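# Tertiary structure, described
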Amino acid sequence: MNAEYMIRTEDLTKVFGNFTAVDKMNIEIMPGQIFGFLGANGAGKTTAIRMLCGLLKPSSGKAMVAGYDVRVDSEAIKRKIGYMSQRFSLYDDLSIGENIRFYSGIYQVPYKVAMERAKDSLKMVGLDLSMKVMTGSLPLGFKQRLALVCALLHDPPLLILDEPTSGVDPMARRAFWNVINSLAEQGKTIIVSTHFMDEAEYCHRLIIMRSGSVLVDDSPRALKEKYGSRNMQELFLLLAGAVNE
Amino acid sequence: MNTINIEHLCYYYDKVQALDDVSLSVIEGEIHGLIGPDSAGKTTLMRILCGLMPTQEGKVSVLSLDSDDFMQIRSLIGYMPQRFSLYQDLSVAENLKFFARLFNVPAGERDKRMQDLYAFSHLEEFSGRRAGALSGGMKQKLALSCALIHRPRLLILDEPTYGVDPVSRQEFWQMLKQIQGDGTTILVSTPYMDEAELCDRVSLINGGKILESDTLTNIRSKWNRKVFSFSAPNLKQLFGVLEPLAESCQLFGNEIHIVIPNASAAQSLDIIKSRVEGIKYRYEEIESSMEDIFLSYMNPGVWRVS
């Protein structure tokens with residue numbers, strides 16, 4: 001496989017019993033790309049991402065992430081990935097400094113190094129607060145930025161964002177994406193898993209999944225043009241709308 | 001006739017002001033959207049309308065009743081709170097029966113109403129399933145059905161689509177249109193800007209203040225700005241040219257979106273053309289999103305919205 005890809009999969013498949021959660025996925029993601037995983041609940045996004053993180057063994061097929069094979073080097077892969085979810089990544093009962101310290105332990109980064117990086121990242125995301133402030137007292141938009149800072153402590157080349165900006169105000173959302181854009185510009189690869197189509201607009205390229213299969217794989221603009229859709233929401237409902245409870 | 005009238009409503013949690021001089025009206029028969037991010041004041045406003053919290057300052061009337069008559073108001077409205085509020089250990093049918101009794105639905109009529117609600121929610125085949133074991137989208141449909149069992153004239157829904165995927169969201173909105181068709185007035189809150197498109201009128205709320213209240217068409221035309229999407233092989237260079245010329249300039253994947261006032265749009269495009277000489281690019285006008293508009297109301301200093 002070519003080393004210039006950050007992620008490359010060949011017929012990556014996961015079967016649970018007689019249910020195929022991910023069916024022969026073939027994707028290629030380049031360094032510096034913001035890549036979206038879109039799909040309704042149960043479409044297979046989370047299963048696919050868990051395989052790429054080395055958290056779940058594929059049933060068949062192959063996936064290389066940051067030069068490592070997910071079946072062989074899952075531990076090495078985990079150190080290459082930063083993960084941020086808006087829902088449960090920070091401890092509300094810890095202060096900002098304590099959350100940073102906790103995550104530096106998890107990622108096995110020396111505390112001093114982690115603090116240096118955290119200071120740079122806090123500046124980059126525009127959080128100018130005392131380390132003693134309790135995380136629970138922060139507004140949602142601030143928590144998201146702090147979660148991002150924690151996900152970057154081990155300086156991973158690959159960052160996975162799970163619905164990173166749903167529910168925050170539009171200003172905080174744009175500020176967040178400006179940071180993500182500059183991380184991508186620095187060469188970090190960003191994967192965004194979401195079912196919010198306004199987040200999809202920020203991707204260079206995206207896939208839409210349904211019932212474990214990749215339906216489309218292209219840039220938002222090319223997809224809108226191809227299907228004659230006004231916006232991503234319309235396109236998504238057109239392609240993914242056939243799944244029902 | 002207005003179903004809801006709110007005048008100069010303020011609400012404080014100790015020293016924190018949650019609502020700041022809110023005035024708005026909901027017209028009979030409309031779907032009115034309360035659009036704003038988390039902690040904008042949507043839930044506080046709805047809880048006051050339902051009589052779950054007192055009015056501290058200002059005046060509220062619901063279905064021509066003063067907010068002091070909250071017991072009577074409560075019997076005439078359906079309320080779906082933000083958190084899933086049904087009994088997880090009761091089945092779908094048991095939850096419906098429970099709410100029917102709570103709202104004094106005559107015993108002879110209960111079964112017919114349940115059948116009507118099943119026909120509309122497609123939940124009948126799950127009637128024996130515990131509510132806690134339903135999927136997210138189905139839970140929302142059941143909660144909506146429970147809020148409708150006493151045939152309220154006004155439905156107040158607090159972020160009913162929060163965390164629900166787009167396909168289930170679309171189905172939910174189709175159900176709301178149907179309820180509206182039966183003559184029910186609906187006030188619905190959402191943090192998702194795109195849902196503004198589905199309402200007859202919307203109120204934009206942020207930091208406890210109503211920023212604007214009107215039809216989306218009117219809000220768009222009052223906004224008086226155009227949005228263009230630019231793309232180029234060298235986006236960074238193009239961004240540098242566009243940013244100083246636009247009110248807002250944002251990178252979206254492989255495209256840059258800029259906002260410019262209608263009045264100076266032609267002039268701005270000419271300037272852009274002269275400054276990007278030698279750079280390959282293409283552009284087109286695109287429809288403004290609710291987010292574009294919301295941003296300019298949040299930032300009046302920068303955006304000079306009158």
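## Focus on the overall build of chain B
- Along its length, chain B carries 11 helices and 14 strands.
- With the principal axes as the frame, chain B shows a C-alpha extent of 80 × 45 × 35 Å.
- Out of the 306 residues belonging to chain B, those deemed buried represent 53%.
- Summarising the internal contacts of chain B: among those between residues at least 6 apart in sequence, 69% fall at separations of at least 24.
- Entry remark: accessible area of chain B is about 13,800 Å², with carbon and sulfur atoms responsible for 48%.
- Taking the average location of the 31 positive side-chain charges in chain B and that of its 39 negative ones, the two points are 3 Å from each other.

## What about the side chain of B:Asp214?
Residue and element names in this part refer to chain B.
- Within the secondary structure layout, Asp214 lies in strand S10 (residues 209–214).
- Of the polar contacts made by the side chain of Asp214, one reaches the side chain of Asn218; its length is 3.0 Å.
- In this structure the side chain of Asp214 is engaged in a polar contact, spanning 3.0 Å, whose partner is the side chain of Lys222.
- Look past the residues within four positions of Asp214 in its chain and what remains in contact with it is Arg201, Val202, Ile219 and Lys222.

## Looking at the pattern of salt bridges
Residues and elements named next belong to chain B.
- A complete count under the given rule lists 35 salt bridges over all chains for this structure.
- Two residues, Arg220 and Glu197, come together in a salt bridge whose shortest N-O distance is 3.3 Å. Taken together, the positions of Arg220 in helix H7 (residues 216–223) and Glu197 in the loop between strand S8 (185–190) and strand S9 (201–206) put the pair 23 residues apart, joining distant regions of the chain.
- For Glu197, a relative accessible area of 39% puts it in the partly exposed group.

## Examining the domain arrangement of chain A
Residue and element names in this part refer to chain A.
- Taken as a whole, chain A is organised into domain 1 (1–80 + 158–245) and domain 2 (90–155).
- Inter-centroid distance (C-alpha atoms) of domain 1 to domain 2 is 25 Å.
- Contacts between domain 1 and domain 2 engage 14 residues on the former and 10 residues on the latter.
- Summed over both sides, the interface of domain 1 with domain 2 buries roughly 1,000 Å², with 70% coming from carbon and sulfur.
- Scanning the region where domain 1 abuts domain 2 turns up one salt bridge.
- Listing elements by their share of the side of domain 1 that touches domain 2, those giving two or more residues are strand S8 (158–162) and helix H6 (170–185).
- Take the side of domain 1 that touches domain 2: its biggest share by element is five residues, from H6.

## What to know about the sheet that holds strand S5 (residues 65–66) of chain B
All names here are of chain B.
- Across the sheet, which stays open at both edges, the four strands sit in the order S2-S1-S4-S5 with antiparallel pairing between neighbours. Each of the sheet's edge strands pairs with one partner strand only, and the pair in question is strand S2 (16–27) and S5.
- In this structure, strand S4 (residues 57–62) lies alongside S5, joined through two bridges in antiparallel fashion. Directly across from Ser61, in S5, lies its bridge partner Asp66.
- Here helix H1 (residues 42–49) sits on the sheet in contact with strand S1 (2–13), S2 and S4, set at roughly 120 degrees to S1.

## Considering helix H5 (residues 140–151) of chain A
Residues and elements named next belong to chain A.
- When the terminal C-alpha atoms of H5 are compared, their 17 Å separation across 12 residues agrees well with the 16 Å that a helix rising 1.5 Å per residue should span.
- Counting buried positions over the 12 residues of H5 gives nine, a clear majority of the element.
- Every buried residue of H5 is accounted for by Gly141, Gln144, Arg145, Leu146, Ala147, Leu148, Val149, Cys150 and Ala151.

Conventions and cut-offs
Residue numbers run consecutively from 1 along every chain, following the written order of its sequence. Naming scheme: in the order in which they are written, chains are lettered from A and ligands are numbered from 1. With pLDDT at 70 or above as the cut-off, local features in this predicted model cover only qualifying residues; side-chain atom pairs require 80 or more to be listed or tallied, and sums for whole chains, interfaces and linings still use all residues. Heavy atoms throughout the structure, all of them, feed into the side-chain values; hydrogens and water do not. Put simply, DSSP marks the helices as runs of H or I at least four residues long and the strands as runs of E at least two long, and each gets a number from the N terminus on. Note on classification: 1.4 Å probe, protein chains only; a residue is buried when its accessible area is under 20% of the maximum for its type, exposed when over 50%, partly exposed between these limits. Pairs of residues are marked as contacts when any of their non-hydrogen atoms sit within 4.5 Å. Where accessible areas are quoted, they stem from the Shrake-Rupley method and a 1.4 Å probe; at the residue level, only the protein chains shown are allowed to cover. Charge counting follows a simple rule: Lys and Arg are positive, Asp and Glu are negative, and His as well as the terminal groups are ignored. Charge positions come from single atoms, namely NZ of Lys, CZ of Arg, CG of Asp or CD of Glu. Whenever two N or O atoms come within 3.5 Å, that pair is a polar contact, provided that in protein one can donate a hydrogen and the other can accept it, and provided that, for residues adjacent in sequence, both atoms are side-chain atoms. Here, a salt bridge means any Lys or Arg side-chain nitrogen found within 4 Å of an Asp or Glu carboxyl oxygen. Note that the domain bounds reflect an automated or database-derived domain assignment. We define buried area as the total accessible area lost by two parts upon association, computed with a 1.4 Å probe and summed across both. Pairs of strands are assigned from DSSP output, requiring at least two bridges between the strands. The angle between two axes is taken between their N-to-C directions and runs from 0 to 180 degrees, where each axis is a line fitted to C-alpha atoms and a helix contributes only its stretch in contact. To estimate the expected span of a helix, subtract one from its residue number and multiply by 1.5 Å.

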